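# What the coordinates show
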Amino acid sequence: AMDAPPRALAGGGNQTDDLDIRICHRGGKGLLLPLGGETELNWDNRLKVVLYGLGLCYCFLGVSIAADMFMAAIERITSKQRKVRIPGTERLVTVQVWNETVANLTLMALGSSAPEILLSLNDVFKNEFFEGKLGPSTIVGSAAFNLFVIIAVCVNSIPNGEVRVIKEVGVFVVTAIWSIFAYVWLLFIVHFNTRNVIEVWEGVMTFFFFPMLVISSYATDVGWLTLANIKAFFCPCCYGKEEVEAVKDDDESDYEFSLIQFVCWLCFSVVSFVVRMIAKVASVIFNATIGCLCRRACNKMKKQGYEKSDGEAKAEEEDASQGFTMPPMADVVLDEDGEPIDWEQGVFSFASDSLKVWGGEDERSFTVTIYRRNGDTGRVTFTYKTIALTAVPGYDYVEVEDELQFRDGIKEQQLDLKILAKAHGEQNDKFQLIILDENGEVMFNPERDGGEEKNILTVEIINENPRPRTIKERFLSVCDRTVNCDEMRLGTVQWIDQFWESVYVNGTREAQEQAGIAAWIVHMIWLPWKVPLAMITPPPTFLGGWVCFVFSLLGIGFLTIIIGDLAELFGCALGIEDAITAISIVALGTSVPDLFASRAAAKQDEYADASIVNVTGSNSVNVFLGIGLPWMWASLYWSIGGANDKWRMKYSQDYGAEWGQNGAAVFIVNGGMLFFSVTVFTLTACVCLTVIGMRRWYFGGELGGPSDPKAYSSFLLISLWFLYIALSVWKFMTGTEELTKQILALSISIPVIVVLMIMFAVLLQALKISKKYIGEEGFWGIFISICVVGGRMAIFFVFQNEPS
């Protein structure tokens, strides 16, 4: 006999006891837990609740460490730069390879949502492609925490009187619309279209909304998808001729780039991507067959080509010793109209955007001149530093970062840089020298790479050593072309340092000797996670961060498997449904690291995009990947494989007549539970977005503002989160399907929120008054005492009225 009665399955019908066993009952099991097997089931229930709860919290610590490594890899990947030519000119400028909006909605959103997405995937796989309770509930619960709690904390974390405004309003509007649409779409496919049944096209569409989100956000970011273009496309008569011309003049992008052209660009991008993939596959096949034979033949023919005469070597050496020179700097810096820039302190600039220097078997130094034109009044100080491209600091050049000062009347200064020895066969490398002023008070040449805010000089180190002759040199040349050997050496050193930093308290042996008891306690708590993750996860230096990306993602995946089992064990031991555990404890634990990261970004960044736009984008990604991906695979699995005995036993009575004909099967979900939870979240999310819009309208920014409005906004958003949790728990506990009761519960919540806001306003005003008479500490002492006495009285009356 089982310890407790089994839970009811989502679909109803011909359920049998062996299909309904929870993980903490006899016969139940997870992927890895419980470790104690049948013996663990006999433990006291209170002990299991404590142990599983502590284990769950401890796993959240491990996820936060792995997530930090994952984000470090993403930052390395998205920091990659390239040089592009300005159309119609010979100038090359430095741009980011990753568009900021695309990076935020893909890699960054994946980094913040990886635990929830992987937990949802694990939930479906663990249940043999049947519906899981943890995955969807964790996704919706995490979205609620992100939208309400994180934004509430960010609103209140800005100092009084300061505001943070969203810079990319268009991208915010697009992601906000998608975030609401994502959950409305869930309601449609779960409840209205085919109730409790997820068809293949529904799962596929849910997943493919993700690239549509990224494309539409990117189009908005670069100015292709604008309100003017949309109006002009759908309602040409909305604009008169004069209005159209005004829009053309005001819009920096080409007004004629209409929605039709955007669709054409999208189709061209897809086709070109497919062509590039085919070309890469063909290249791999060619290199593995015909190309290999051709290279062998060429190597034999070129053996004599590596031998140089003494005269050729001497001439090459003389040419190398001459080096490269930069063109002369103009006496006056002009603006876009060809007029001299009027700046009393002067305009600072390099003579060129690029410089080539020779690198050989020894260390060498070279000089870079920084010019001051159009004025030389006053003392000016700014920062200069080197940034790695393909060159690796410490192996190809000496990294520098310092301040440079121009005194009054000084028109040019020289910087000495050092490049290190290059081996035979090593590839040419590049790094950049940047001059900038973080305060924005210095004017730099707008015609140089980097523009007015900074100037960038790209330095290319040319290897003057003879071509590789020996097998070792040729092997080095091939390896350096493939993976950058200096980068691998630096990564190895950093990996070793990373391990020892995880071992020592506060990171080093010297810091450990001065560490106190509190530091030792914290270190010992984190040690079982820090050391293994530091050992198995390489630093982001390797291969541009992709190796760290993969291994940290695997670490998060393994931890989510343990979290999934622990969450089920904890909920089962506590006697609550897995879905309740998911929307509250699991969602909270996986989202807390994002809370601290968003709060830090809100306080440090000039704009609110990193705090708010990332939330709306991440919530959309949660649905499209965290629900779309597992549901797409599950629906495809049942569509291709057909019904098995377990599916027939679970669903044949309710769904067999319509969906189980001739051995067919579909993916079944419990729409009733998910429908109510998603409905509550969607309604409260609309309230939250309305509050954000009103704050921009009244206070000039979404975050910050006066003290009282900040407090009221934060309390309202926190109340909405508690309301969502309370209503969802009520629905899961009662299991009611009556629409009247559900509407009544939603209606009652409105006056409850109003009463709570009034109580909070009274409390806030009482706190202000108390500061004048008894002080803030005295007020909180009285308040806590009243709460304790009231709580004890409530418990006393509950036990008095409890039936014997």
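This text gives an overview of the structure that appears in the document. Counting restarts for each chain: residues are numbered from 1 in the order of the written sequence. Reporting of local features is limited, given that this is a predicted model, to residues whose pLDDT is at least 70; pairs of side-chain atoms are given and counted only at 80 or more, and all residues count toward the totals for whole chains, interfaces and linings. Processing note: side-chain calculations cover all non-hydrogen atoms of the structure and skip hydrogens and water entirely.

### Details of the sheet that holds strand β13 (residues 454-463)
With mixed pairing, the five strands of this open sheet are ordered in space as β6-β13-β11-β8-β9. If you trace the sheet from one side to the other, it starts and ends with β6 (354-359) and β9 (401-406), each paired once. Along the sheet, successive strands turn relative to each other by an average axial angle of 25°, direction set aside. Here the rule is simple: two strands pair whenever DSSP picks up at least two bridges between them. Helix and strand definitions here come from DSSP, where helices need a minimum of 4 consecutive H or I residues and strands a minimum of 2 consecutive E residues; each element is numbered from the N-terminal end. In terms of strand pairing, β6 meets β13 through six bridges, oriented parallel. Within β13, the position partnered with Gly-359 by the bridge is Asn-463. Fitting a line to C-alpha atoms yields each axis, with helices limited to the stretch in contact; the angle taken between N-to-C directions then spans 0 to 180 degrees.

### Focus on the layout of surface pockets
Here a cavity means grid points, on a 1 Å grid over the protein atoms only, where a 1.4 Å probe fits yet cannot get out; a pocket means an open set of points with protein on both sides within 12 Å along at least five of seven lines; lining residues are those with an atom within 4 Å of a point. Grid points are joined across faces, edges and corners, and a volume is the space filled by probe spheres set on the points. Taken as a whole, the second largest pocket encloses approximately 1200 Å³ of empty space. Lining of the second largest pocket is provided by 37 residues; of these, Arg-76, Lys-80, Ala-388, Leu-389 and Glu-487 occupy positions nearest its centre. Where the lining of the second largest pocket is concerned, the elements lending two or more residues are α2 (45-78), β1 (81-85), β8 (380-388), β11 (429-436), α12 (471-483) and α13 (485-503). Any residue outside Ala, Val, Leu, Ile, Met, Phe, Trp, Tyr, Cys, Pro, Asp, Glu, Lys and Arg is labelled polar, Gly included; the first ten of those are nonpolar and the last four are charged. Of the residues that constitute the lining of the second largest pocket, the class distribution is 15 nonpolar, 10 polar and 12 charged.

### Quick word on the state of the cysteines
By disulfide we mean two sulfur atoms from cysteines, separated by a distance within 2.5 Å. Scanning all chains against the criterion turns up one disulfide. Between the sulfur atoms of Cys-24 and its disulfide mate Cys-572 the distance is 1.7 Å. Taking the sign of the S-S torsion, -55° for the link of Cys-24 and Cys-572, the bridge is left-handed. Taken together, the positions of Cys-24 in the segment before α1 (38-41) and Cys-572 in helix α16 (residues 546-574) put the pair 548 residues apart, joining distant regions of the chain. One exposure class covers both Cys-24 and Cys-572, and it is buried. Distance from the sulfur of Cys-57, which forms no disulfide, to the nearest cysteine sulfur (Cys-59) is 9.5 Å. Three exposure classes are used, based on accessible area relative to the maximum for each residue type with a 1.4 Å probe and protein chains only: buried under 20%, partly exposed in between, and exposed over 50%. The class of Cys-57 is partly exposed, set by a relative accessible area of 46%.

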